[in-house]
2 protein chains.
Amino acid sequence: MSRRATSEGEDRRAVTIRDVAAHAGVSVATVSRILSGSYPSAPATRSKVMKAVRELDYVANANARGLAGARSRSVAIIVTSVVSPHYAHVAQGVQTQAALEGKLCIVGTTGDDPERELATVQLMRQEQAECVILVGNVVNNDAYRERMADYARALAAAGSQLVLCGRPTLGPDVPALVVEYDNTGGAYAITSHLLSAGHRRILFLGRREGYTTPDSRVAGYRRALADFHVAHDPGLEIDGTMERSEGYRMIRERLAAGPADFTAVFAGNDLLAAGARQALREHGLRVPDDISMVGFDDLPTAADIDLTTVHVPHEELGRTAVRMALERGSGEAGTGHVMLGTHIVVRDSVRTLKPAPPRE
Amino acid sequence: MSRRATSEGEDRRAVTIRDVAAHAGVSVATVSRILSGSYPSAPATRSKVMKAVRELDYVANANARGLAGARSRSVAIIVTSVVSPHYAHVAQGVQTQAALEGKLCIVGTTGDDPERELATVQLMRQEQAECVILVGNVVNNDAYRERMADYARALAAAGSQLVLCGRPTLGPDVPALVVEYDNTGGAYAITSHLLSAGHRRILFLGRREGYTTPDSRVAGYRRALADFHVAHDPGLEIDGTMERSEGYRMIRERLAAGPADFTAVFAGNDLLAAGARQALREHGLRVPDDISMVGFDDLPTAADIDLTTVHVPHEELGRTAVRMALERGSGEAGTGHVMLGTHIVVRDSVRTLKPAPPRE
């Protein structure tokens, strides 16, 4: 990162924004505007400036770096995968809010590998990201909390801020912001919706013990059963991860083992619901005529298959994460905590079996 | 970026990987492995190393940067939005291939704003990304080609490589790799599929003149009509962008203006198809009983709504882009060109009207 200009007899002196402006025949302010990317500019002007930047090799030197750092720091979000619409919509919220604040947004992906997560956090720190947002489902054990505390302190030391999104808090000693949404409340509400429609045998798809997101959804499911005085049958909770193919597999295996011993399915998310619906259909069972079904997340898939589900404010999670991180200004890293609400979206996937029993 | 260690009486000397190894009580190779993120490591070891890194503030200094640069450079992909499953699946392919090659993957989003695109390319260049992959639909005019040529040369000068994905070539003078897929061929095949089923009035959704992706799909649609000797009716081509809500809008407006004067819909992509299908359904028209429909892309939505569509090898596009970029090794930036094929996926959204006429 120590290349210097060799043009115009100024060997060994770092190229400055003034050199670029002089070379392009425009003002320093114009170069700054164009390089910061915060304002529109005429294509001809941009082209002249870019030509000067290229000819003087301005970008690669430390001044450009300083300029970028001072004018247009970036906001970073790290997700397992961008194919998951859940992550993609949170990332979209981050991008939208970052754009409103005049910041760039970069997304790192980890493929659920802690080593890649670590390397990505370091990359974002080196890049001087103003905040680093980590999203989603985790195993909330000591190793995880220690890793997050490491990140939080390393980022805080570099003037950045760790934000955890859809994850539990780390405690008051760790400089991390937390934006959650109400998984348990949403699962309770949608299970109650099925129970109120008379369903008693409700298959839960996507249990995965130790993982925060499925754990909190299972907790809401069980609490609703208890409040409706329906005995909890662990045989109705099916283990698996949250992909569409898993929903398909779970229902296939269940129906291969014997006839349906349930009247409703609570899929741990909408993708599972889409896969489960396909498996039911291949078995001659229609939703909602034969089997009722609900999901979780309210992703575009839910609208496509007319699924009653729980709306998660994905974009708002991302936007809130950015807002909280930038609001602290240039001060110390913060430790705030926000819990966003969830609500049921009723479509056409639940059939009423009989009047619900009175609730206490 | 010039902070130095102040611990252990070694003020003013940059912390090296040896200091971190000594502090953590592990080998230099272990520290290197853990920081590069290319190998698994025991949590206890990682924890010791991270503690040493934190206490010596190793990450923020130039050595760590050099190490990261030498050992684990990143692969960058820049997309309009990660919410679009089209972009997300290409990004997933990039991530998968990057992981196989032991590289990190970072994703930049631009929201279709050229200024943000420029700033993001610069950021990726500063980050010393090994390649920068730009994806998707563009207006292929002089300003665009000039901008891409600027990027290509600036990245090549920094030892990086521009890769255009799903975009036309820039010509032999520009150091950019190109990975395309066959839009026109796919559109020709799926239109022929409708024509062979007896459809003659086929509504095309999502024309957008000047944009490379819709233009090449419209071209395939028109060529198939011509080959089947069906007169081209421009009134059957509906303008709009590629979102779900647009498909809904287009069909709503069409049906509000008068009864359906078409027997089939060719939606420019699967999201348009999902929106169009909803609008048809609200109007009492079912797919395929009343109106046949096909899409393009073969995204998960297509499986959910049983849509016959054109399969685009999204992940393979991303993987090929990374493979091509890394294959050149540390040599000059390259100018290769690959065209991946597309094919029809038949589901249950097309009804046969009558035997097709003989084709010449």
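- The name an unreviewed UniProt entry gives chain A is LacI family DNA-binding transcriptional regulator, with Nonomuraea bangladeshensis as the organism.

Some points on the nonpolar core
Part 1 of the argument: Among the nonpolar cores identified, the biggest contains 140 residues, and A:Ile133 and B:Ile133 are the most heavily contacted of them.
Part 2 of the argument: When residues no more than four places from it in sequence are discounted, the contact partners of B:Ile133 are B:Val75, B:Ala76, B:Ile77, B:Ile78, B:Val94, B:Val163, B:Cys165, B:Ala321 and B:Val322.
Part 3 of the argument: Judged by nonpolar contacts, the second largest core, of 74 residues, contains B:Val31, B:Ala149, B:Leu155 and B:Leu162.

What to know about the pattern of salt bridges
Part 1 of the argument: On inspection of all chains with the given rule, the structure shows 36 salt bridges over all chains.
Part 2 of the argument: Where A:Asp304 meets B:Arg244, a salt bridge forms, and the shortest distance between an N and an O atom there is 2.6 Å. One end of the pair, A:Asp304, is in helix H12 (residues 300–304); the other, B:Arg244, is in helix H10 (residues 244–257), on a second chain. Pair check on accessibility: A:Asp304 and B:Arg244 agree, each one buried.
Part 3 of the argument: Here B:Glu237 and B:Arg207 are joined by a salt bridge, their closest N and O atoms 3.0 Å apart.

Comments concerning the packing of aromatic side chains
Part 1 of the argument: Evaluated as defined, the whole model comprises six aromatic pairs over all chains.
Part 2 of the argument: Ring geometry for B:Phe204 against B:Phe266: centres 5.0 Å apart, planes inclined by 80°, an arrangement best described as edge-to-face. Placement of B:Phe204 in strand S6 (residues 202–207) and of B:Phe266 in strand S8 (residues 264–267) is noted, with a sequence separation of 62 residues between them.
Part 3 of the argument: By relative accessible area, B:Phe266 is classed as buried at 0%.
Part 4 of the argument: Chaining the aromatic ring pairs together yields one cluster made of A:Phe204, A:Tyr221 and A:Phe266.
Part 5 of the argument: Just above the ring of A:Phe296 sits the side chain of A:Arg217; from NZ or CZ to the centre is 3.8 Å.

Brief notes about the packing of helix H10 (residues 244–257) of chain A against helix H11 (residues 270–282) of chain A
Residue and element names in this part refer to chain A.
Part 1 of the argument: It is the contact of H10 with H11, at a shortest axis distance of 6 Å, that shows an interaxial angle of 40°. Crossing of H10 against H11: the hand is right-handed. Residues Arg244, Glu246, Gly247, Tyr248, Met250, Ile251, Arg252 and Leu255 of H10 pack against Leu271, Leu272, Ala274, Gly275, Ala276, Gln278, Ala279, Leu280 and Glu282 of H11.
Part 2 of the argument: Along the lines of polarity and charge, the residues of the contact of H10 with H11 split into 10 nonpolar, three polar and four charged.

Some details on the pairing of strand S5 (residues 176–181) of chain B
All names here are of chain B.
Part 1 of the argument: Most of S5 sits out of view: six of its six residues are buried.
Part 2 of the argument: Burial along S5 is two-sided: the residues Ala176, Val178 and Glu180 and Leu177, Val179 and Tyr181 are all buried.
Part 3 of the argument: The sheet contact formed by strand S4 (residues 162–165) and S5 spans four bridges and is parallel. Looking at the pairing, Leu164 lines up with Val178 of S5.

Some thoughts on the packing of helix H6 (residues 114–126) of chain B against helix H7 (residues 142–157) of chain B
All names here are of chain B.
Part 1 of the argument: Viewed as axis vectors pointing N to C, H6 and H7 meet at an angle of 10°, and their least axial separation amounts to 10 Å. For the element pair H6 / H7, the angle class is roughly parallel. Contacts from Pro114, Glu117, Leu118, Val121 and Arg125 of H6 reach H7 at Arg147, Met148, Tyr151, Ala154, Leu155 and Ala157.
Part 2 of the argument: Residue composition of the contact of H6 with H7, grouped by class: eight nonpolar, no polar and three charged.

Section: the sheet that holds strand S7 (residues 237–239) of chain A
Backbone-to-backbone hydrogen bonds pair the strands of a sheet. The strands run either parallel or antiparallel.
Residues and elements named next belong to chain A.
Part 1 of the argument: Taken in spatial order, the four strands make up an open sheet running S7-S6-S8-S9, and their pairing is parallel. Two strands bound the open sheet, and with one partner strand each, they are S7 and strand S9 (292–294). Sheet twist, expressed as the mean angle between neighbouring strand axes with direction ignored, is 20°.
Part 2 of the argument: Inspection of the sheet shows strand S6 (residues 202–207) paired to S7 by three bridges, in the parallel sense. When the bridges of S7 are listed, Phe204 appears paired with Glu237.
Part 3 of the argument: Docked against the sheet, helix H8 (residues 183–196) engages S6, strand S8 (264–267) and S9, running at close to 170° with respect to S8.
Part 4 of the argument: Lying on the sheet, H10 is in contact with S6, S7 and S8; it crosses S6 at an angle near 135°.

Quick look at the sheet that holds strand S9 (residues 292–294) of chain B
Residue and element names in this part refer to chain B.
Part 1 of the argument: Here four strands make up an open sheet; going across it, the order is S7-S6-S8-S9 and the pairing parallel. A single partner strand is all that each edge strand has here, and the edge strands are strand S7 (237–239) and S9. Taking each pair of neighbouring strands and ignoring which way they run, the sheet shows an average axis angle of 20°.
Part 2 of the argument: One ladder, built from four bridges, connects S6 with S8; its direction is parallel. Within S8, the residue paired with Leu205 across the bridge is Ala267.
Part 3 of the argument: H10 contacts S6, S7 and S8 of the sheet and is inclined by roughly 135° relative to S6.
Part 4 of the argument: Its contacts with the sheet put helix H11 (residues 270–282) on S6, S8 and S9, and the angle it makes with S9 is roughly 160°.

Describing H6(B)
Residues and elements named next belong to chain B.
Part 1 of the argument: Over its 13 residues, H6 runs 18 Å from end to end, which matches the ideal 18 Å to within 8%, given 1.5 Å per residue.
Part 2 of the argument: Those residues of H6 that sit buried are Glu115, Arg116, Glu117, Leu118, Ala119, Thr120, Val121, Gln122, Leu123, Met124, Arg125 and Gln126.
Part 3 of the argument: The N-cap of H6, judged by a side-chain oxygen 2.8 Å from the amide nitrogen of Glu115 a few residues on, is Asp113.
Part 4 of the argument: Just beyond H6, the residue with positive phi is Gln128, at close to 60°.

Topic: helix H1 (residues 17–24) of chain B
Part 1 of the argument: Those residues of H1(B) not exposed but buried are B:Ile17, B:Asp19, B:Val20, B:Ala21 and B:Ala24.
Part 2 of the argument: Once H1(B) ends, the next one or two residues include B:Gly25, with phi positive near 70°.

Points about the confidence of the model for chain A
Residues and elements named next belong to chain A.
Part 1 of the argument: With 86% of its residues at a pLDDT of 70 or more, chain A shows a mean pLDDT of 86.
Part 2 of the argument: Segment residues 1–12 is flagged for pLDDT under 50; beyond a separation of four residues in sequence, or across chains, it makes 23 contacts in the model.
Part 3 of the argument: Here residues 60–71 is a poorly scored stretch, pLDDT under 50, and it has 26 contacts once near neighbours within four places are set aside; other chains count.

What counts and how
- Sequence order sets the numbering: in each chain, residues are counted from 1 along the sequence as written.
- Each chain gets a letter, beginning with A, and each ligand a number, beginning with 1, in the order they are written.
- The model is predicted, so local features are restricted to residues of pLDDT at least 70 and side-chain atom pairs to those at 80 or more, both for listing and for counting; the totals for chains, interfaces and linings are taken over all residues.
- Water and hydrogen atoms play no part in the side-chain values, which are based on all heavy atoms of the structure.
- Each nonpolar core is a collection of buried residues, namely Ala, Val, Leu, Ile, Met, Phe, Trp, Tyr and Cys, held together in the definition by side-chain atoms within 4.5 Å.
- For each residue, the accessible area found with a 1.4 Å probe, counting protein chains only, is set against the maximum for its type, and the residue is called buried under 20%, exposed over 50%, and partly exposed in between.
- In what follows, residue pairs with any heavy atoms lying within 4.5 Å of each other are defined as contacts.
- The working definition used for a salt bridge is a side-chain nitrogen of Lys or Arg within 4 Å of a carboxyl oxygen of Asp or Glu.
- A run of H or I in DSSP counts as a helix once it spans at least four residues, and a run of E counts as a strand once it spans at least two, with each numbered from the N terminus.
- The rule is short: rings of Phe, Tyr and Trp, with Trp giving its six-membered ring, pair when the centres are within 6.5 Å, and they are stacked under 30 degrees, edge-to-face over 60, tilted in between.
- The rule is short: NZ of Lys or CZ of Arg within 6 Å of the ring centre and within 35 degrees of the ring normal puts a charge over the ring.
- Here, axes are lines fitted to C-alpha atoms. For helices the fit covers the stretch in contact, and angles between N-to-C directions go from 0 to 180 degrees.
- Put simply, a crossing is left-handed when the front helix is turned counterclockwise from the back one by less than a right angle, and right-handed when it is turned clockwise.
- Residues are grouped as follows: nonpolar covers Ala, Val, Leu, Ile, Met, Phe, Trp, Tyr, Cys and Pro; charged covers Asp, Glu, Lys and Arg; every other residue, Gly included, is treated as polar.
- By definition, two strands form a pair when at least two bridges between them are found by DSSP.
- Any angle between 65 and 115 degrees counts as roughly perpendicular, while under 35 counts as roughly parallel, over 145 as roughly antiparallel, and the rest as oblique.
- In a helix, the anticipated span is given by 1.5 Å times the number of residues less one.
- N or O atoms closer than or at 3.5 Å make up a polar contact, with two conditions inside protein: a donor-capable atom paired with an acceptor-capable one, and, for residues adjacent in sequence, both atoms drawn from side chains.
- Every residue is assigned a pLDDT by the predictor, reflecting its confidence on a scale from 0 to 100.

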